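Descriptive analysis of the structure
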Amino acid sequence: MLRTLTINNIALISFAEIDFAKGLNILTGETGAGKSIIIDSLNFVLGERADKTLIRNGESEALVEAEFDEINTITQKILGEYEIDFEDGLILSRKMTEDGKNVCRINGMKVTVSALKNIAQSLVDIYGQHENSVLLNSDNHIDILDNFIGESIAIAKQEYIAAYKNFKQIKSKLNEYSKLTDVDIRAEILSKQLEEINEANITIGEEIELQKRCDMYDNAEDIIRASNNAYTLLNGDMENNAVDNIYTAIKELSSIEEYSAEISEYISRLDETRIELRDIASSVESISSGISVDEYEAQRDIARLSKIHNIEGKYGDTEEKVLAYRDKIAAEVEELSNYSFMIEKLTDDYNSALDNLEQKGIDLSDVRKNYAKQFEKLVTAELKELGMPNTGFEVDIVTYNDIETIANKASNNGIDIVEFLISPNLGEPLKPLKKVISGGEMSRFMLAIKKITAQIDGVNVMVFDEIDTGISGKIAQVVANKLYDISNSKQVLAVTHLPQLASMADAHYLIEKTTDNMRTNTNVKLLDSTQSALEIAKMIDGISASESAVLHAEKLLEIAKEYKNSQNQA
């Protein structure tokens, strides 16, 4: 569950720390007070898209932190994939600076915005007004149905996806081969390239060795001169060479060795240096003596290096790339030499993969159709309780039934088109949601969907941003009851204008906007029972808590208490 939400410099909020409770958390306040800022802040820390306009005016950065406990198994698995420890709970944080840069962390570990969102999706499900457009888009209906079916569709879906991937790969390969019109010409070109590379007989590391020898040929005179001069200076036939000078120094120090203990150490170190210099001098002398430039050998090495450079210029800028290219075209030459055979084999593979795809698609479709009826009954029952007793609802599943259509239109989701059809009024035909449903009906339909899926998904926190749109009267109480029912198994946060819903709260928060003659601030206050009753009365009255509004509020609270008791005893 979401334990604490801490907001710094988001829109009108300078600082707010909200400790949420289990069960049903209700956020109320006047229009424009800043209720949406709380949801925006939560969306922000959950990885949703945001820009720098979210930062409070005059501030250089915004920061939101969300602390969770009771982490579900799905989230635990995802955290394990990111190697994030969660034994002591989970803290998500996201900071945005005025230049639009984001810094996201999970339990102190830096992550990308996409990783933050990926993990957050398993923690919180937020319903806002934008979800109406999601539900109205029939492309999303297949995902809603599959989410309802859950684990029961997992194996069929895995088998279908494996078949689909295999089919796509074979189809792509067959298309690639079918587009080859001048097979013989391409085979000849590649064969000549392969012959040229093989004739060059390139081995990894040869170029470096050749380059070293060629550099030596070019600089042989300088190498001999410098090494001879160095040898002479170190231990050659000249006065005052380094070795002789050190020897003389040792003799001088030896004559006064008895007068200082340190001198013996210096003599020993000089003697070691003399031996080392003689060894170096000998090695330096061997450099010049070891250089012998054979003109024929030099020309051969230069020609070989030039050939390697020429091959690399054509087929890759390193020996490794040339050899990799050789292996690639060798395989293609082999395939092209068997072009007719490959086309025939790929065609057979294509037909076999398509038959398998069709069968796995039918298996997947059968699972959907079996559960669609159950889903229809549950949604219809929920809508009836939500004041839509005469509503007809159907999950329309159209399955591609010919092989050519499957080959061209199958997708990751299978060979089905799924669309929700509804008839809000008795006697009216079933039609797509977007053609017949009103705003209030859409809110109730979404709540019905959420009520059903809440029982099967792994998300522990559900957020409803003004689920009460277009709802009033008796239905408002039904909606309040439904949200309370959901809160028995999940933590629920709801922004509302309905006093019926506020009266059902386990924790009631008031969002207020204040000014100090310089700045406007949005503040969040947890209300006690007395304050909550007064706020509900204000919601009823619209302006102030009149005596009748207070009585009405008390009645709503009594109704809420009775409903809670009845549910707890059930």
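Residues numbered from 1 in each chain as written. Predicted model: local features only at pLDDT ≥ 70, side-chain atom pairs only at ≥ 80, totals over all residues. Heavy atoms only, no water.

Here we take up the overall build of the protein. Scanning the protein from terminus to terminus reveals 21 helices and 15 strands. For the protein, the spread of C-alpha atoms along the principal axes amounts to about 120 × 85 × 45 Å. Per-residue burial over the protein gives 42% buried out of 570 residues. In the protein, the share of contacts with a sequence separation of at least 24, taken over all contacts with a separation of at least 6, comes to 72%. If you sum the accessible surface of the protein, you get close to 30,700 Å²; carbon and sulfur atoms cover 48% of it. If the 59 positive side-chain charges of the protein are averaged to one point and the 98 negative ones to another, these points end up 8 Å apart. (Helix = DSSP H or I, 4+ residues; strand = E, 2+ residues; numbered from the N terminus. Buried < 20%, exposed > 50% of the residue type's maximum accessible area, 1.4 Å probe, protein only. Contact = heavy atoms within 4.5 Å. Areas by Shrake-Rupley, 256 points an atom, 1.4 Å probe, with all protein chains shown as cover. Lys, Arg positive; Asp, Glu negative; His and termini not counted. Charge placed at Lys NZ, Arg CZ, Asp CG, Glu CD.)

Ordered by their spatial adjacency, six strands build an open sheet running E2-E1-E4-E5-E6-E7, and the pairing between neighbours is antiparallel. For this open sheet the edge positions go to strand E2 (13-19) and strand E7 (109-111), each flanked by a neighbour on one side alone. In this sheet, neighbouring strand axes are inclined to one another by 15 degrees on average, regardless of whether the strands run parallel or antiparallel. Sitting on the sheet, helix H1 (residues 35-45) is in contact with strand E1 (2-10), E2, strand E4 (61-68), strand E5 (90-97) and strand E6 (102-106), with an inclination near 100 degrees to E1. (Pairing = 2+ DSSP bridges. Axes fitted to C-alpha atoms, helices over the stretch in contact; angles between N-to-C directions.)

Two elements in contact, helix H8 (residues 206-218) and helix H12 (residues 295-315), have axes separated by 9 Å at closest approach and are oriented at 135 degrees. By the angle class used here, H8 and H12 are oblique. Regarding H8 and H12, the two cross each other, and that crossing is left-handed. Each of Glu 206, Glu 207, Leu 210, Gln 211, Arg 213, Cys 214 and Tyr 217 in H8 lies in contact with H12, whose residues at this interface are Glu 297, Ala 298, Asp 301, Ile 302, Arg 304, Leu 305, Ile 308, His 309 and Glu 312. (Parallel < 35°, antiparallel > 145°, perpendicular 65-115°, else oblique. Left-handed = near helix turned anticlockwise from the far one by under 90°.)

Moving on to the side chain of His 508. Among the structural elements, His 508 can be located in strand E14 (residues 507-515). A relative accessible area of 3% means that His 508 is categorised as buried. Polar side-chain contacts of His 508 include one of 2.8 Å to the side chain of Thr 28. Separated by 2.7 Å, the side chains of His 508 and Ser 532 make a polar contact. His 508 has contacts with Ile 26, Thr 28, Ala 502, Lys 525, Leu 526, Leu 527, Ser 532, Glu 535 and Ile 536, leaving out every residue within four places of it along the chain. (Polar contact = N/O pair within 3.5 Å; in protein donor to acceptor, adjacent residues only side chain to side chain.)

In this structure, Phe 375, Phe 420, Phe 445 and Phe 464 are the most contacted members of the largest nonpolar core, which totals 80 residues. With 12 residues, helix H14 (residues 339-385) is the single largest residue contributor to this core. Leaving out residues up to four positions away in the same chain, Phe 420 has contacts with Leu 135, His 141, Ile 144, Phe 375, Phe 393, Glu 394, Val 395, Lys 431, Pro 432, Leu 433 and Phe 445. Residues Phe 20, Ile 39, Phe 68 and Leu 92 belong to the second largest nonpolar core, which totals 47 residues. (Core = buried A, V, L, I, M, F, W, Y, C linked by side-chain atoms within 4.5 Å.)

Between its terminal C-alpha atoms helix H20 (residues 529-541) stretches 18 Å, which fits the 18 Å expected from 13 residues at 1.5 Å a residue. Within the sequence span of H20, burial applies to Ser 532, Glu 535, Ile 536, Ala 537 and Met 539. Looking at the buried positions of H20, the neighbouring elements they touch are strand E3 (24-28), helix H19 (499-503), E14, strand E15 (520-527) and helix H21 (547-569). Capping the start of H20, Asp 528 holds a side-chain oxygen 3.2 Å from the backbone nitrogen of Thr 530, two or three residues further along. Two residues or fewer after H20 comes Gly 542, characterised by a positive phi angle close to 90 degrees. (Expected span 1.5 Å × (residues − 1).)

Time to look at the packing of aromatic side chains. Here the structure, examined in full by the defined rule, presents 11 aromatic pairs. Measuring from ring centre to ring centre gives 4.8 Å for Phe 148 and Phe 375, while their planes differ by 50 degrees; the resulting arrangement is tilted. Here Phe 375 lies in helix H14 and Phe 148 lies in helix H5 (residues 141-149), a separation of 227 residues in the sequence. The exposure classification of Phe 148 matches that of Phe 375, with both residues buried. Aromatic ring contacts, followed pair by pair, group Phe 148, Phe 375, Phe 393, Phe 420 and Phe 445 into a single cluster. (Phe/Tyr/Trp six-rings, centres within 6.5 Å; stacked < 30°, edge-to-face > 60°.)

Moving on: the side chain of Asp 416. In this structure, Asp 416 sits in strand E10 (residues 416-423). Among the polar contacts listed, one links the side chain of Asp 416 to the side chain of Thr 399, at a separation of 2.7 Å. The residues touching Asp 416, leaving out its near neighbours within four places in the chain, are Ile 142, Ser 365, Arg 368, Ile 397, Val 398 and Thr 399.

Moving on to the pattern of salt bridges. With the rule as written, the count across this model stands at 22 salt bridges. A salt bridge links Glu 199 to Lys 307, with the nearest nitrogen and oxygen atoms 2.7 Å apart. Highlighted residues: Glu 199 in helix H7 (residues 183-200) and Lys 307 in helix H12, separated in sequence by 108 residues. Judged by relative accessible area, Lys 307 falls into the partly exposed class, the value being 31%. Residue Asp 416 pairs with Arg 368 through a salt bridge whose shortest N-O separation is 2.9 Å. Of this pair, Asp 416 sits in strand E10 while Arg 368 sits in helix H14, placing them 48 residues apart in sequence. (Salt bridge = Lys/Arg side-chain N within 4 Å of Asp/Glu carboxyl O.)

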